[in-house]
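Each chain is listed here by its residues.
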Amino acid sequence: MTATDKPKAPGLFDGKFSPTRPLAASGNLFAFALDTMKALPKRPFQIREFIQQTWFIASVTILPTALVAIPFGAVIALQLGSLTRQLGAQSFTGSASVLAVLREASPIVTALLIAGAGGSAICADLGARKIRDEIDAMEVLGISPIQRLVVPRVLGCMLVAVLLNGLVSVVGVAGGYFFNVILQGGTPGAYLASFSALAQVQDFWSGEIKALIFGLIAAVVAAYKGLRAGGGPKGVGDAVNQSVVITFLLLFAVNFVITAIYFQLVPPKGQ
Amino acid sequence: MGVAVEVEGLTKSFGSQNIWSDVTLTLPPGEISVLLGPSGTGKSVFLKSLVGLLKPEKGSIILNDTDIVTCSEHKLYDVRRLFGVLFQDGALFGSMNLFDNIAFPLREHTKKSESEIKSIVLEKMDMVGLAGAEGKLPGEISGGMRKRAGLARALVLDPEIILFDEPDSGLDPVRVAYLNQLIVDLNAQIDATFLIVTHDIGTARTVPDNLGLLFRRNLVMFGPREQLLTSQEPVVRQFLNGRREGPIGMSEEKDVAQVEAEMAALEARGGDAHNGVGPKGASGGDAVPPQLEPTEGLPERKGARRRQERVARMLHEFDPDTADAIRRSLPEDLLAMADSGSFEPSQGAGGRHWAPDPDAGRATTTTLPRQGGGG
């Protein structure tokens, strides 16, 4: 209507597809992670929230994790069972199965469940609070949502991930034993005796460290996406979806990096 | 008593979309101000900027010598304790019952014992008329109760400034009347600075000491209630009369020629006075209805006397209509002092009087050109 506020024609990209957008998003995520780190040592520590969240995350992940771990261990056992027979290395079946479960299968299963069950629950919870102005209200009351809500969730997620990794290792190895010995007719003694032929304690620790880092990433991404949800209920759905996808991508990439570092640091057994 | 909030040249955009620019106003301490504006003019954004949830690009918001726009995150958390905010839907924590919701700020910020907390919470719940509903979850109560619970939570830390985001939305007119009375009563009791963002003309006409109107990315006007209620500014008149004829269109602004034709038709029908009753408490004409008084038995509003002194000092700056309306609201002694031109600030009654400020009038009443658009 006036010369000064001439409406701009809507451009094709309109700032939505600027090349720096992914860069800015990663930067924001990283800054959020740093903020969370900074809030870690701040008192008072939300012990109640931590226990509640740890219990909650554990309760939504334990059963699915165990149920996923059994077939996972079984598949590895089946693959190895036939492979070792072809190569004539049946005596190493147990060892290889333990190695595969400890080093890769169990952190990955943990990651999938932590991101898929725990992370999505965290993201949906925080997102729902965000769109109902609860987060804003909390900030206005002078309480940092990062310290009050995010830190206990991140710590809870990390703790549960470490414990889950232990659970998957046990269930996976047991599942492998069952399928190899009972179904494929392997020798129980040979299976058990070869356990430590290839695997070593460091493998277990590397799995635990992986799980710890996966828990951290899953919780940070979920909290970041949840706290930035906007645009009503659909925004929360989108945030959960994005958080799960981003977490999966990050976890598999990080898994690769940690494995590569592990092989540099820990020499394989027998060298 | 409440603190003054001085907003200077505030500008906020989301991406390439400008929300409002160059907003300048002062919320006088202890007074009730109402900010009006058509939907989508960024009133809620303004509230969120005041408490530092959003960062405007330009300008400053100063209270207690702190600029909220530029201060550090750490400082911001301290400043925010001065604020109590009533969000549109109350923004209660869904996982806690009403008692825990209202006790939440006390438990987080103070080292009070559980019995002290209980007495404070019950007192505030009684204040907003929620006694007996402590154990209910936010999902189990009506919208009006949620609003009042949100208000009780905003009150527990004894804020100096209380912001209301559309306290009337979703409530029936009777409950709005009760809530308005509650707001005035609260102001009399705690003498904090109030800012109410609303569409409700009835509220705007009867509750505040000061009125402001946001339209077309500008603060059209902000000043004593009489100034807006008697204003001849077309946007202000259209909004306060709740009619279609005028510069405010359904989606955006209207064509100038169309506005002129509409206004001519309106005049032909006899103007606003004969336009009947509009929606949301809008009544025809530009009469200045009496302001709501605190309920009997409560102390007088200290802000009311401070305000009378303040507007008496500014009396000569207004239009004759506005000055006339203000004169009718002033007590004899202030009127005499304003006329004689000798103004002795009265002592006592709240501790601080309105500081003699050479350009106080300009700072609080910014009238922007109608064809502004960023000026």
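Here the structure is a predicted model, which is why all the values come from computation and not from measurement. (Residues numbered from 1 in each chain as written. Chains lettered and ligands numbered in written order. Predicted model: local features only at pLDDT ≥ 70, side-chain atom pairs only at ≥ 80, totals over all residues.)

> Summarise the nonpolar core; cite the residues concerned and give the values.
One finds B:V85, B:I102, B:A152, B:L163 and B:L213 to be the most contacted residues of the largest nonpolar core, which totals 90 residues. Looking at this core element by element, the count peaks at six residues for helix α5 (residues 143–155) of chain B. Not counting chain neighbours up to four residues away, the residues in contact with B:V85 comprise A:A137, A:V140, B:V51, B:A154 and B:L163. Formed by 63 residues, the second largest nonpolar core is a distinct cluster that contains A:V98, A:V109, A:V151 and A:A218. (Core = buried A, V, L, I, M, F, W, Y, C linked by C-beta atoms within 7 Å. Buried ≥ 20, exposed ≤ 12 C-beta atoms within 10 Å, placed from the backbone. Helix = DSSP H or I, 4+ residues; strand = E, 2+ residues; numbered from the N terminus. Contact = placed C-beta atoms within 7 Å.)

> Outline the sheet that holds strand β4 (residues 58–63) of chain B, supporting the account with residue identities and numerical values.
Residues and elements named next belong to chain B. The antiparallel open sheet is built from four strands, whose spatial order is β2-β1-β4-β5. Because the sheet does not close on itself, it has two edges, and the strands there are β2 (17–27) and β5 (66–67). As judged from the seven bridges shared by strand β1 (residues 5–14) and β2, these two strands associate in the antiparallel manner. Its bridge partner lying in β2, L10 is registered against V23. Its contacts with the sheet place helix α1 (residues 43–50) against β1, β2 and β4, and it is angled at close to 120° to β1. (Pairing = 2+ DSSP bridges. Axes fitted to C-alpha atoms, helices over the stretch in contact; angles between N-to-C directions.)

> Describe unusual backbone geometry, naming the residues involved and giving the relevant values.
Even without glycine at this site, A:D133 takes up a positive phi of about 70°. Here A:D133 lies in the loop between α3 (93–131) and α4 (134–140). With 22 C-beta atoms counted inside 10 Å, the residue A:D133 sits in the buried group. Residues other than glycine seldom take positive phi values, yet B:D191 does so here, at roughly 55°. Topologically, B:D191 is positioned in the loop between α6 (173–190) and β8 (193–197). Since 20 C-beta atoms lie within 10 Å of it, B:D191 is described here as buried.

> Any details on the environment of B:G90? Residues and values, ideally.
All names here are of chain B. Relative to the helices and strands, G90 is located in the loop between β6 (83–86) and α3 (98–109). Through-space distance from the C-alpha of G90 to that of K43 is 17 Å; in sequence the pair is 47 residues apart. Excluding anything up to four places from it in sequence, G90 contacts R146, K147, A149 and G150.

Everything listed here is a matter of coordinates, which is why it stays silent on function.
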